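Residue-level structural notes
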Amino acid sequence: MLLNPLDSAARLPWAALVDEIEALLGDPAVRVPERIILPTAQGAVLFVMPACDAGIAMTKLISFTPANVGTARPTIQGDVTVFDVATGARRLILDGPTVTGRRTAAVSALAARRLAPNRAGPMLVVGAGVQGQAHVEAFAAALGVREFRLASRRRTSAEALAVHARALGLRAEVVEDADAALADCPLVATCTPAREVVLRAMPRADAFIAAVGAFTPQMVELDAALCRAIAAQGRIVIDTPDAAHEAGDLIQAGVPVQGLPTLAQMVAADETPARGPVLFKNCGWAGWDLAAARLALRSEA
């Protein structure tokens, strides 16, 4: 069965997806090899991301094309194909960009649920594209955040996201200066194309920052001094050990990534929020796509 973006999203409701991702982290049958990253042309990349558990196997095959930013074409295109491991039969094909957007925001929401010192909001979202919208929706649906401050390089994009948020019954305000907004926002997500630093100011002591946009060593959203300050005064958590060679923000800041605690370790230890600001570096992992595939198959029944 081939699902379009709307049908794919309908199979992946926010709260259930957050819970499924958490459940996957405790499943010993899950196997996730390192993803294949193939540079193609003009900064574009092809990703091949397989994973399996005891019942299903899936592969996400997507392209990332930065040159499409600001055009009618999406930056991420592709599919998630799901197979039954016992028979080898193809069960489902999900829209790749929809899965990527929703599982990424759901992982950020799970990390905030586990680690954020203050989940009350307001929440600052920097970047008003697909990931910006997904983070607004996920944090509203899964964590109950009702107030958002939205910043984008293109004000029209931020205004469009504010209209969308208000249509969901949320309070949303467009801000010109993301750094200034940090003083009022204990929750933050940076969801930009990661071509330049978008946050430089020091966060609140009770801040939780999910940094999403930079997933290669060359990409960056957060100022190096900001990363080093959180490393010294608070806590940095990475989504998976793969971040050691992917977390551009931390690598460029000179923050040692190897050995940083992972989200799986935090869940296994049943960690509670600690004092000081928290930076969650979300680079992406095929396990998150496997969790989405598991939920989508259950929704079929």
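Residues numbered from 1 in each chain as written. Predicted model: local features only at pLDDT ≥ 70, side-chain atom pairs only at ≥ 80, totals over all residues. Heavy atoms only, no water.

Observations concerning the packing of aromatic side chains
Describing an aromatic ring pair means giving the distance of the ring centres and the angle of the ring planes. Evaluation of the coordinates by the stated rule reveals three aromatic pairs. The interplanar angle of 75° and the centroid separation of 4.8 Å between the aromatic rings of W285 and W288 together place this pair among those described as edge-to-face. For the pair W285 and W288, one class covers both residues: buried. One aromatic cluster is present, formed by F47, F64 and F215 through successive ring pairs. Across the ring face of W14, the terminal group of R102 is positioned such that the distance to the ring centre comes to 4.0 Å. (Phe/Tyr/Trp six-rings, centres within 6.5 Å; stacked < 30°, edge-to-face > 60°. Buried < 20%, exposed > 50% of the residue type's maximum accessible area, 1.4 Å probe, protein only. Lys NZ or Arg CZ within 6 Å of the ring centre and 35° of its normal.)

Examining the sheet that holds strand β7 (residues 147-151)
Pairing is parallel across the open sheet formed by seven strands, whose spatial order is β8-β7-β6-β9-β10-β12-β11. Every other strand in the sheet has two partners, leaving β8 (171-174) and β11 (235-238) as the edge strands with one partner each. Between one strand axis and the next, the sheet turns by 15° as a mean value, whatever way the strands run. Sheet strands touched by helix α4 (residues 130-143): β6 (123-126), β7, β9 (187-190) and β10 (208-211). Its angle to β7, the strand with the most contacts, is close to 170°. In the packing of helix α7 (residues 224-233) onto the sheet, the strands contacted are β10, β11 and β12 (278-281), and the crossing angle to β11 comes to about 105°. (Pairing = 2+ DSSP bridges. Helix = DSSP H or I, 4+ residues; strand = E, 2+ residues; numbered from the N terminus. Axes fitted to C-alpha atoms, helices over the stretch in contact; angles between N-to-C directions. Contact = heavy atoms within 4.5 Å.)

What to know about the packing of helix α2 (residues 14-24) against α4
Geometrically, a packed helix pair is captured by the angle between its two axes and the distance between the axes. Their axes nearest at 8 Å, the elements α2 and α4 cross at an angle of 85°. The pairing of α2 with α4 is recorded here as roughly perpendicular in orientation. Contacts between α2 and α4 pair W14, A15 and V18 from the former with A134, E137, A138, A141 and A142 from the latter. Broken down by class, the residue content of the contact of α2 with α4 amounts to seven nonpolar, no polar and one charged. (Parallel < 35°, antiparallel > 145°, perpendicular 65-115°, else oblique. Nonpolar A, V, L, I, M, F, W, Y, C, P; charged D, E, K, R; others polar.)

Focus: the side chain of S157
Among the secondary structure elements, S157 is positioned in helix α5 (residues 155-167). When near neighbours in sequence (up to four residues on either side) are disregarded, S157 contacts A128 and S152.

Quick word on the sheet that holds strand β3 (residues 56-64)
What links the strands of a sheet is backbone hydrogen bonding, and the strands pair in either a parallel or an antiparallel sense. Here we have five strands laid out as an open sheet, ordered β1-β2-β3-β4-β5, and antiparallel in their pairing. The two strands at the open ends of the sheet, each matched to only one other strand, are β1 (36-39) and β5 (90-95). Neighbouring strand axes in the sheet, compared pairwise and without regard to direction, differ in orientation by 15° on average. Where β1 and strand β2 (residues 45-52) come together, four bridges link them in antiparallel fashion. Paired with I36 across the bridge in β2 is V48. Packed on one face of the sheet, helix α3 (residues 96-115) meets β2, β3, β4 (76-84) and β5 and runs near 90° to β4.

Description of the pairing of β3
Every regular strand shows the same layout, with side chains that alternate between the two sheet faces. Along β3, the buried face is formed by I56, M58, K60, I62 and F64; none of A57, T59, L61 and S63, which line the opposite face, is buried. With eight bridges connecting them, β2 and β3 associate as antiparallel partners. Looking at the pairing, F47 lines up with I62 of β3. Count of turn residues in the β2/β3 antiparallel hairpin: three residues. The sheet contact formed by β3 and β4 spans nine bridges and is antiparallel. Counted as the bridge partner of A57 is F83 from β4.

As for the pattern of salt bridges
Enumeration over the complete set of coordinates arrives at 20 salt bridges. A salt bridge links R294 to E20; the shortest N-O distance between them is 2.9 Å. Placement of the pair is R294 in helix α10 (residues 286-300) and E20 in helix α2, with a sequence separation of 274 residues. The same class applies to R294 and to E20, which are both buried. The residue R204 makes a salt bridge to D206 at a minimum N-O spacing of 2.8 Å. The class of R204 is partly exposed, set by a relative accessible area of 26%. Salt bridges linked by common partners bring D19, E22, R113, R114 and D270 together as one network. (Salt bridge = Lys/Arg side-chain N within 4 Å of Asp/Glu carboxyl O.)

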